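Read off the chains here:
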Amino acid sequence: MPQYDFDLFTIGAGSGGVAASRRAGSYGARVAICEDSRIGGTCVHRGCVPKKLLVYGAHFHADFEDAAGYGWSVPEPTFDWTKLQAAKNKELDRLDGVYRRLLRDSGVQLIEGRGRVVDAHTVEVGGKRYTAERLLVATGSHPFLPEIPGIEHAITSDGALSLPELPRRLAIVGGGYIGVEFAGIFNALGAKVMMLLRGETVLRGFDNDIRGMLTQELRKKGIDLRPETFIRDIEKRPDGTLSLLTRMGDTLEVDAVLYATGRVPNTKGLGLEEVGVRLNERGAVQVDEWSRTSVENIYAVGDVTDRINLTPVAIAEGRALAETLFHDNPTKFDHTGVASAVFCQPPVGTVGCTENQARERYGQVDVYVSNFRPMKHTLSGRDERTMMKVIVERASGRVLGFHMVGADAPEIIQGMAVALKCGVTKKQLDATVGIHPTAAEEFVTMRDKRPDPEEAAAQERGRDAVPHAH
Ligand code: FAD
């Protein structure tokens, strides 16, 4: 008789939990997974998938406009938000079914309800207790909302994805990737969008050139960016209008306010600390490189560990864990060189170091930048530019980072991420033949280094010094 009901009990059927459980099940482990919401987690129901469907929907606005430059006469297009919502929801229902089937086919037992850790080998769901040799915490994260008066009138990305009506005027608080993605969606669908930023530019943490360029492009699209603007208080008027009082004393009137101000790991009330699992100051589960917590047989993967909060990372962490525990194949997930994208308009793709990180870590670097009007817009007339940037370690010629803002950036950067992972050098980029005519070919045809700001300044100082020396 086995000592425990299961070999692995996973809490949370999102990207990481499902991936780990299925892989473990495929190796013959006896696995159970509990979930208190829809199967598939944030990515499928409140993140990547519904967001990208809305991005596709929103992009038609520009496509109809651009078509005119190519000889098309398009009658005034109309848009129906409820139809898009219904189509999106149907797809999410389908995916919920797909995830259930995938779990079943891998022999994983799905237990619906909220899980709570009772001791290092026991999880309680809906009043019933299950034991397992190992526990996996894969509970993800939820949006953060600050405690200000009237915050109950605000929505988060969860609510924005399923608003019953399209707001006429929308304020978005936060200029991170979720904020700019929603700004792009609602702006293109016809809402008047205002973004309230902490600093001057969007996308903190990204390469500065990308940030500057995207900030400009968002403004060109009519998004009202308000730097250093903080809300003190939200008031709802009888007609439904929201009145936002800023710290500077201004009042902004909108129909909806969306907070995109970060996310919090889902660890509250899980019983983790009570059994000795250490959390960090942000409430994330602390794990080692094997995704092991401070309790020997309890593991955690995905957003709840707050490492790199992306779906493919959660999946890779989950699979690595299953390989290690159930396939005698010790596997650590390598968190370096992970590419990511921002599906704003125009989109962003990035992999590797930003220019500042590269200078800090590697000293002298060469920077290649190409900023151009994409061919498509020569006829469409759209005032939208593309920028591509390559950062190279000067001593070795190795590429340290690729960055792009412009149409198809996420698709293009995926290929560059493979090259980066393989240690591509600038010389190898130069030896690669471009595909013409594409935007992607710019990555293999950049010849001119951008003058190094420090060297240029030193030269300038040298020039100044000469007359005084004589
Ligand atoms: P989740 O997918 O959140 O899964 C955790 C699951 O645990 C949830 O289903 C939750 O209901 C469940 N759960 C929590 N507590 C309990 C409990 N006590 N008992 C039972 N079940 C519980 N990533 C990308 O790579 N690309 C993108 O384009 C992208 N876009 C995003 C857009 C938005 C708006 C958001 C919010 C996120 C986006 N992400 C994107 C991030 C991505 O969704 C997450 O990184 C990913 O879902 C993390 O997977 P996870 O398994 O850690 O957690």
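Residues numbered from 1 in each chain as written. Predicted model: local features only at pLDDT ≥ 70, side-chain atom pairs only at ≥ 80, totals over all residues. Heavy atoms only, no water.

Caption draft 1: Structural detail: the nonpolar core. Ranked by internal contacts, the top residues of the largest apolar core, which has 39 residues, are Val180, Phe182, Phe186, Met195 and Leu214. For this core, the elements supplying multiple residues, two or more each, are helix H3 (48-67), helix H4 (81-105), strand E8 (169-173), helix H6 (177-188), strand E9 (192-196), helix H7 (208-220) and strand E14 (256-259). At seven residues, the largest contribution of residues to this core is made by H6. Excluding its chain neighbours within four sequence positions, the residues that come into contact with Phe186 are Trp81, Ala160, Leu163, Leu166, Pro167, Leu170, Ala191 and Val193. One finds Phe6, Phe9, Ile11 and Val277 within the second-largest nonpolar core, a separate group that totals 22 residues. (Core = buried A, V, L, I, M, F, W, Y, C linked by side-chain atoms within 4.5 Å. Buried < 20%, exposed > 50% of the residue type's maximum accessible area, 1.4 Å probe, protein only. Helix = DSSP H or I, 4+ residues; strand = E, 2+ residues; numbered from the N terminus. Contact = heavy atoms within 4.5 Å.)

Caption draft 2: Examining the packing of helix H1 (residues 15-26) against helix H8 (residues 311-326) more closely. Axis separation between H1 and H8 bottoms out at 7 Å; the angle between their running directions is 30°. With respect to each other, H1 and H8 are oriented roughly parallel. With respect to the hand of their crossing, H1 and H8 are arranged in right-handed fashion. Between H1, through Ser15, Gly16, Ala19, Ala20, Arg23 and Ala24, and H8, the contact on the second element is made entirely by Thr311, Ala314, Ile315, Gly318, Arg319, Ala322, Glu323 and Phe326. Taken together, the residues of the contact of H1 with H8 sort by class into seven nonpolar, four polar and three charged. (Axes fitted to C-alpha atoms, helices over the stretch in contact; angles between N-to-C directions. Parallel < 35°, antiparallel > 145°, perpendicular 65-115°, else oblique. Left-handed = near helix turned anticlockwise from the far one by under 90°. Nonpolar A, V, L, I, M, F, W, Y, C, P; charged D, E, K, R; others polar.)

Caption draft 3: Seen up close, the layout of surface pockets. Considering only enclosed or pocket space, the second largest pocket measures out at about 1,000 Å³ in volume. Around the second largest pocket, the lining is made up of 41 residues, and of these His59, Pro347, Glu384, Ala407 and Asp408 lie nearest the centre. Taken together, the elements giving at least two residues each to the lining of the second largest pocket come down to H3, H6, helix H10 (376-380) and helix H11 (409-421). The element contributing the most residues to the lining of the second largest pocket is H3, with 10 residues. Counted by class, the lining of the second largest pocket contains 18 nonpolar, eight polar and 15 charged residues. (1 Å grid on protein atoms, 1.4 Å probe; cavity = no way out; pocket = protein on both sides within 12 Å on 5 of 7 lines; lining within 4 Å. Points joined across faces, edges and corners; volume = space filled by probe spheres on them.)

Caption draft 4: Seen up close, the packing of aromatic side chains. Enumeration over the complete set of coordinates arrives at seven aromatic pairs. Consider the rings of Phe6 and Tyr130, whose centres lie 6.5 Å apart with planes at 45°: the pair is tilted. Of the two residues, Phe6 sits in strand E1 (residues 6-11) while Tyr130 sits in strand E6 (residues 128-137), which places them 124 residues apart along the sequence. Accessibility expressed as a relative area gives 9% for Phe6, which makes it buried. Taking relative accessible area as the criterion, Tyr130 reaches 11% and is therefore assigned buried. (Phe/Tyr/Trp six-rings, centres within 6.5 Å; stacked < 30°, edge-to-face > 60°.)

Caption draft 5: Expanded view of the confidence of the model for the protein. Taken residue by residue, the protein gives an average pLDDT of 96. The fraction at 70 or more is 98%. Within the model, the stretch residues 465-470 combines pLDDT values under 50 with zero contacts to residues more than four positions away or in other chains. (pLDDT = per-residue confidence, 0-100.)

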